[in-house]
Amino acid sequence: MTTYPTTHDHPALALFAELLAVPSPSSREEALAGVIRARLRSYGYQPETDPAGNVLVRLAGRDASGPLTCFAAHMDEIGMVVTKIGDDGALAVDRSGGLYPWKLGEGPITILGDVAQITGVLCMGSTHANVSDKAVTWADVRVLTGLSPAQLARAGVRPGVVAVPARAGCGPVIFGDPADPLVAAWTFDDRMGCVALLRMLEALARDGLAPKNNTIVGFTVHEEGGCHGAKVLAQRERPDIFIAIDGCPIPPGAPLKLDGRPGIWSKDQLTHYDQAVLRELCRAAVEAGTELQPVVYERAASDASAVYAAGAAGRVACFGHVRENSHGYEVSRLSVFDNVTKTLIRFITKD
């Protein structure tokens, strides 16, 4: 009989499942921010919340003269935004972030009204008609709510409110070789970056460790719509080094493997990342017992490259778990999540 670890057996998955249960589309990160603040307080930290909604922790370094370093993971997820309410209570929606309807199919969603959350179902029409295999666009999609426009108004549903897939179908799911399983969920992006930073902070507090340099650990808003939270944070704090903890998707031809090794961005559509910081992170990974896989992206950007493009930090990097099915039902090797955390701890505490 095949036996897999359960979500509760693995610290990263247990924390991920807790965060995944909280809808957090761009512009509505406040509930997840509250969960993260509570976790941080349980570790003994005093988190701050800035005017943008970013949550941050400040750590005093052993070397006060060293570079101010900021680590960041974004709290928001891809989703939908309501654009129109029909006379029958059906909703027209468009993407919020990089979400395409063919990644979802038909199924339940949660709409975050100003007053209450309601359930709707994505509808893409009957196949008992003249249909084809063309790609479905948001113009082909409507959301059935079963409510009248007046009832929707009482729930605070209006153009501009956001929605996400219903949590019941989001996972995580563990499968594959029990000795080295895969794990899948809708989506890891970027709660697993938040998990890595939380686990790093937990380990520092538990083991009485201090970072080498003065450090800010940030949980940012609105990455999926333009990296606005990270830019606000970096422009105010002016870190010397800004490191985003985010996943590494596998587009066709990318030299990445789902083998437990994290990936590290060397270049994306906005910038070359700082190669000296890249090498330092790669060394830290080896010292922690793993290895980082470098990758170049033509059509991707991160909080870190957006911060660099805005002139808000002089040196930037981005690394994290390698994942299939980016912006969909994502798949990673379970072991990669521990390897990201081990690399972070080694890097931040290095002499």
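Coordinates for the structure precede this section.
From a predicted model like this one, the values you see are computed outputs, not experimental measurements. (Residues numbered from 1 in each chain as written. Predicted model: local features only at pLDDT ≥ 70, side-chain atom pairs only at ≥ 80, totals over all residues. Heavy atoms only, no water.)

**Describing the overall build of the protein**
- The number of helices and strands found in the protein is eight helices and 19 strands.
- At 21 Å, the protein has a C-alpha radius of gyration in line with the 20 Å of a compact globule built from 351 residues.
- Referenced to the eigenvectors of the C-alpha coordinate spread, the extents of the protein come out at roughly 65 × 50 × 40 Å.
- Every one of the 351 residues in the protein was classed for burial, and the buried ones make up 55%.
- Within the protein, contacts between residues separated by at least 24 positions form 76% of all contacts whose residues are at least 6 apart in sequence.
- Counting only carbon and sulfur atoms, one obtains 52% of the accessible surface of the protein, whose full area is about 14,700 Å².
- For the protein, the separation between the mean place of its 33 positive charges and that of its 39 negative charges on side chains is 2 Å. (Helix = DSSP H or I, 4+ residues; strand = E, 2+ residues; numbered from the N terminus. Rg over C-alpha atoms; globule rule 2.2 N^0.38 Å. Buried < 20%, exposed > 50% of the residue type's maximum accessible area, 1.4 Å probe, protein only. Contact = heavy atoms within 4.5 Å. Areas by Shrake-Rupley, 256 points an atom, 1.4 Å probe, with all protein chains shown as cover. Lys, Arg positive; Asp, Glu negative; His and termini not counted. Charge placed at Lys NZ, Arg CZ, Asp CG, Glu CD.)

**A word on the sheet that holds strand β16 (residues 293-296)**
- Taking strand neighbours across the sheet as the criterion, the eight strands line up as β1-β2-β12-β3-β13-β17-β15-β16 in an open arrangement whose pairing is mixed. Looking at strand neighbours, the two that pair on one side only are β1 (48-49) and β16, the edges of this open sheet.
- Where strand β13 (residues 241-245) and strand β17 (residues 315-320) come together, five bridges link them in parallel fashion. Bridging across to β17, isoleucine 241 finds its partner in arginine 315.
- Packing against the sheet, helix α4 (residues 191-207) makes contact with β2 (55-59), β3 (69-74), β12 (215-220) and β13, and its axis sits at approximately 145 degrees to β12.
- Its contacts with the sheet place helix α5 (residues 228-237) against β2, β3, β12 and β13, and it is angled at close to 155 degrees to β12. (Pairing = 2+ DSSP bridges. Axes fitted to C-alpha atoms, helices over the stretch in contact; angles between N-to-C directions.)

**Considerations on the packing of helix α1 (residues 11-20) against α4**
- Contact geometry of α1 with α4 gives a least axis separation of 9 Å together with a crossing angle of 125 degrees. Classified by the angle between their axes, α1 and α4 sit oblique to one another. The element α1 and its partner α4 pack so that their crossing is right-handed. Facing Pro11, Ala12, Leu13, Leu15, Phe16, Leu19 and Leu20 of α1, the residues of α4 in contact are Arg191, Met192, Cys194, Val195, Leu198 and Arg199.
- Considered class by class, the residues forming the contact of α1 with α4 number 11 nonpolar, no polar and two charged. (Parallel < 35°, antiparallel > 145°, perpendicular 65-115°, else oblique. Left-handed = near helix turned anticlockwise from the far one by under 90°. Nonpolar A, V, L, I, M, F, W, Y, C, P; charged D, E, K, R; others polar.)

**So, the pattern of salt bridges**
- According to the stated counting rule, one finds 22 salt bridges in the structure shown.
- Here arginine 261 makes a salt bridge to aspartate 259, at a shortest N to O gap of 2.8 Å.
- On the accessibility criterion, aspartate 259 (35% relative accessible area) is partly exposed.
- Notably, a salt bridge pairs glutamate 280 with lysine 350, separated by 3.9 Å at the nearest N-O pair. Pair noted here: glutamate 280 is in helix α6 (residues 275-287) and lysine 350 is in the segment after α8 (335-349), with a separation of 70 residues, a long-range link.
- The network of salt bridges with shared partners includes Glu48, Asp50, Arg58, Arg236 and Glu237. (Salt bridge = Lys/Arg side-chain N within 4 Å of Asp/Glu carboxyl O.)

**Focus: the nonpolar core**
- The biggest cluster of nonpolar side chains holds 76 residues, and the ones touching the most others in it are Ile36 and Phe219.
- When residues of this core are assigned to their parent elements, the largest contribution, nine residues, is made by α4.
- Beyond its immediate sequence surroundings of up to four residues, phenylalanine 219 is in contact with Ile36, Leu40, Asn54, Val55, Ala73, Met75, Cys194, Leu197, Leu198 and Leu201.
- Counting residues in hydrophobic clusters, the runner-up holds 29 residues, among them Ile216, Ala234, Cys248 and Ile250. (Core = buried A, V, L, I, M, F, W, Y, C linked by side-chain atoms within 4.5 Å.)

**Section: the packing of aromatic side chains**
- Tallied over the entire structure, the rule returns six aromatic pairs.
- Residues tyrosine 100 and tryptophan 102 carry aromatic rings whose centres are separated by 6.3 Å and whose planes lie at 25 degrees to one another, so their mutual orientation is stacked.
- Grouped by ring-pair contacts, the aromatic residues Phe16, Phe188 and Phe337 constitute a single cluster.
- Geometry around phenylalanine 347 places lysine 350 over its ring, the cationic atom sitting 4.0 Å from the centre. (Phe/Tyr/Trp six-rings, centres within 6.5 Å; stacked < 30°, edge-to-face > 60°. Lys NZ or Arg CZ within 6 Å of the ring centre and 35° of its normal.)

**Quick word on the sheet that holds strand β11 (residues 182-185)**
- Taken together, three strands build an open sheet; the order of strands is β10-β11-β19 and the sheet is antiparallel. Lying at the two open borders of the sheet, with one neighbouring strand each, are β10 (173-175) and β19 (330-333). Averaged over all adjacent pairs, the angle separating strand axes in this sheet is 25 degrees, with direction ignored.
- Pairing geometry for β10 and β11, over three bridges, is antiparallel. Residue pairing across strands places valine 173 opposite alanine 184, the latter belonging to β11.
- Relative to β19, α8 is tilted by about 70 degrees, and along the sheet it contacts β11 and β19.

**Quick word on α1**
- Taken together, the buried positions of α1 are occupied by Ala12, Leu13, Leu15, Phe16, Leu19 and Leu20. Taken down its axis, α1 places every buried residue within 165 degrees of arc, on the same side.
- On its buried side, α1 packs onto α2 (30-42), β10, β11, α4 and α8. (Arc of directions from axis to C-beta.)

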